[in-house]
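Given next are the chains, with one letter for each unit.
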Amino acid sequence: MNVEATQRYRVAPVQRVGGAVIVPGDKSISHRALMLGGIAEGQTRVSGFLQSGDCLATMAALRALGVRITQPGGHEVIVTGAGSAGLSASLAPLDMGNAGTAMRLSMGLLCGQKFSSTLIGDASLMKRPMERVAKPLRLMGAQIDTREGRPPVVLHGGTNLRGIDYLLPMASAQVKSAILLAGLQASGITRVTEPAPTRDHTERMLERFGVGVERQGATVSLVGGQKLRATDIRVPGDFSSAAFFIVAGCLAAPDGLTVRGVGVNPTRTGLLDMLRLMGARITVTPLADAGPEPLADITVHQSVLHGAVIPPELVPLAIDELPVLFIAAACARDETLVTGAEELRVKESDRLAAMAAGLAAVGVQCELLPDGIRIQGGALRGGRIDSHGDHRIAMAFAVASVRADSPIEIDDVANVATSFPGFPAAARAIGLLVQESPPP
Ligand code: S3P
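Residues numbered from 1 in each chain as written. Predicted model: local features only at pLDDT ≥ 70, side-chain atom pairs only at ≥ 80, totals over all residues. Heavy atoms only, no water.

1. Some details on the domain arrangement of the chain
Now for step 1: For the chain, the domain assignment lists domain 1 (3-17 + 236-241 + 265-278 + 305-437) and domain 2 (27-228).
Now for step 2: For domain 1 and domain 2, the distance between their C-alpha centroids amounts to 29 Å.
Now for step 3: At the interface, 22 residues of domain 1 touch 23 residues of domain 2.
Now for step 4: In total, about 1,800 Å² of surface goes out of reach between domain 1 and domain 2, with carbon and sulfur atoms giving 48% of it.
Now for step 5: Per-residue buried area on domain 1 facing domain 2 is highest for Arg 268, Glu 348 and Thr 418; these three make up 27% of the total on that side.
Now for step 6: Scanning the region where domain 1 abuts domain 2 turns up three salt bridges. (Domains from an automatic or database assignment. Contact = heavy atoms within 4.5 Å. Buried area = accessible area lost by both parts, 1.4 Å probe. Salt bridge = Lys/Arg side-chain N within 4 Å of Asp/Glu carboxyl O.)

2. Details of the packing of helix α9 (residues 322-330) against helix α10 (residues 351-361)
Now for step 1: Where α9 meets α10, the axes come as close as 10 Å, and the angle between the chain directions of the two elements is 30°. By the angle between their axes, α9 is roughly parallel relative to α10. When the axes of α9 and α10 are compared, the crossing they make is right-handed. Note on element contacts: α10 touches α9 through Arg 351, Leu 352, Met 355 and Leu 359, opposite Pro 323, Phe 326, Ile 327 and Ala 330.
Now for step 2: Among the residues making up the contact of α9 with α10, the classes are represented as seven nonpolar, no polar and one charged. (Axes fitted to C-alpha atoms, helices over the stretch in contact; angles between N-to-C directions. Helix = DSSP H or I, 4+ residues; strand = E, 2+ residues; numbered from the N terminus. Parallel < 35°, antiparallel > 145°, perpendicular 65-115°, else oblique. Left-handed = near helix turned anticlockwise from the far one by under 90°. Nonpolar A, V, L, I, M, F, W, Y, C, P; charged D, E, K, R; others polar.)

3. Topic: the pattern of salt bridges
Now for step 1: Applying the stated criterion to the full structure yields 27 salt bridges.
Now for step 2: When the shortest N-O distance is used, the salt bridge between Arg 8 and Asp 411 registers 2.8 Å. Taken as a pair, Arg 8 in strand β1 (residues 8-12) and Asp 411 in strand β23 (residues 408-411) lie far apart in primary sequence, 403 residues in all.
Now for step 3: Looking at Arg 8, the relative accessible area reads 30%, which means it is partly exposed.
Now for step 4: With a closest N to O distance of 3.7 Å, Arg 351 and Asp 320 form a salt bridge. Taken together, the positions of Arg 351 in helix α10 and Asp 320 in the loop between β18 (309-310) and α9 put the pair 31 residues apart, joining distant regions of the chain. (Buried < 20%, exposed > 50% of the residue type's maximum accessible area, 1.4 Å probe, protein only.)

4. Quick word on the sheet that holds strand β24 (residues 433-437)
Now for step 1: Ordered by their spatial adjacency, four strands build an open sheet running β22-β23-β1-β24, and the pairing between neighbours is mixed. Two strands close off the open sheet at either side, each with one partner strand: β22 (383-386) and β24. Between one strand axis and the next, the sheet turns by 20° as a mean value, whatever way the strands run.
Now for step 2: Two elements, β1 and β24, share five bridges in a ladder whose sense is antiparallel. Looking at β24, one finds that Arg 10 is bridged to Gln 435.
Now for step 3: Sheet contacts for helix α11 (residues 391-399): β1, β22 and β23; angle to β23, the most-contacted strand, approximately 175°. (Pairing = 2+ DSSP bridges.)

5. Considering the nonpolar core
Side chains of a nonpolar character, in soluble globular proteins, are inclined to be buried together.
Now for step 1: Residues Phe 245, Ile 246, Leu 275, Phe 326, Phe 397 and Ile 410 are the most contacted members of the largest nonpolar core, which totals 85 residues.
Now for step 2: Per element, the largest residue contribution to this core is eleven residues, and it comes from helix α7 (residues 239-252).
Now for step 3: Judged by nonpolar contacts, the second largest core, of 66 residues, contains Ala 40, Met 140, Leu 155 and Val 192. (Core = buried A, V, L, I, M, F, W, Y, C linked by side-chain atoms within 4.5 Å.)

6. Observations regarding the sheet that holds strand β3 (residues 43-47)
Now for step 1: The strand order β4-β5-β3-β14 describes an open sheet built from four strands, whose pairing is mixed. Each of the sheet's edge strands pairs with one partner strand only, and the pair in question is β4 (68-73) and β14 (232-234). Strand after strand, the sheet turns through a mean of 20° between neighbouring axes, direction not considered.
Now for step 2: In the packing of helix α1 (residues 27-39) onto the sheet, contacts are made with β3, β5 (76-80) and β14, and the angle to β5 comes to roughly 30°.

7. A look at the environment of Met 355
Now for step 1: On the secondary structure map, Met 355 appears in helix α10.
Now for step 2: Counting along the chain gives 37 residues from Met 355 to Arg 392, while the straight-line C-alpha distance between them is 10.0 Å.
Now for step 3: If sequence neighbours within four positions are ignored, Met 355 has contacts with Pro 323, Phe 326, Ile 327, Ile 393, Ala 396 and Phe 397.

Laid out in structure tokens, this is it:
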């Protein structure tokens, strides 16, 4: 779902960034607030909602399923829950746009309903793997068709779900969350064990809606049939959007740069650990939090970064931040090695391949590995980058301009609006020289 007309960024080199900036609301939490609010009893008030292409796709889908959602302000949303059995069939396929989270979590939400649903998306989403979700849901009794493992996903309604005990084959919060959402409608207990910790927003938010969720080590479980009680949700600033400015500041903010009001759930902040390993100076100042998600101001100062061997166990905790970590590595002394990151190949683009090609285009030596990348830090030149329609690739290369010797042109950037509407203006506010060009 392209909601911004800009097709290309031209980012001129700049040596210095700084100041203070606020980033839009968290994408993962905004999706979940709408979905859980949609099946709760009563009115859920969401503040700090991310008004982006991805989250608007979830909003449109829930409305098509009969949920009443109003927006008294752009970032204020009121969801009148339909209750656990109150959703109704959509006349048309549900279009999830570019949003993997919307599609995968909806599979869990809808596979146990009495009606059938069809889920579709944009060209990128139609290529992404859905069997990772369909398989465990079928074990619960769901009837699901995919087309060679990809969307369209058809969820045949009217089946009774039963709880399962499932060991995730990959570290994926989307798969975990889909199983838990299906588990709410299943008989008995649903248990999911993860191979490595992943973001736990679903668990935290379910608890906030009054659902009993048990966590023991790597296993999370819930008893089916529990009702959700509407609540207020305050969405923190998205750490994944803050990440671009955090790296820009580590590279080029001698007087410091602060991102205010960012969610610092420890299952999301692996990037900070990685940057600290590379020598970054980062201060996290906790703020009184208004809910289940910790909130902080993050201040970074420019420092000389050196390459590092990134511990693979940090990778799931920084899964969406790796593109911009690769930019930090390209600007660091010596070599950085990232492994255990094969999941990057099935994101909005093959992020390992897209980043390797982009880094080569700006003169960085790197070696693409099946599950990661080896990057030799050094000087960056200007060049032309194909973002492959991937928002995070586009924004990562905008940050690279702090070390390039001439402009970087980034193509196919409309999807930046799926996660960070207003990115060019926010980037300019910290000193990046981002110019936008409309389609020819
Ligand atoms: C997300 C989980 C991650 C992440 C995505 C958002 C979520 O995906 O990359 O951007 O909201 O649960 P995976 O579960 O595929 O790792």
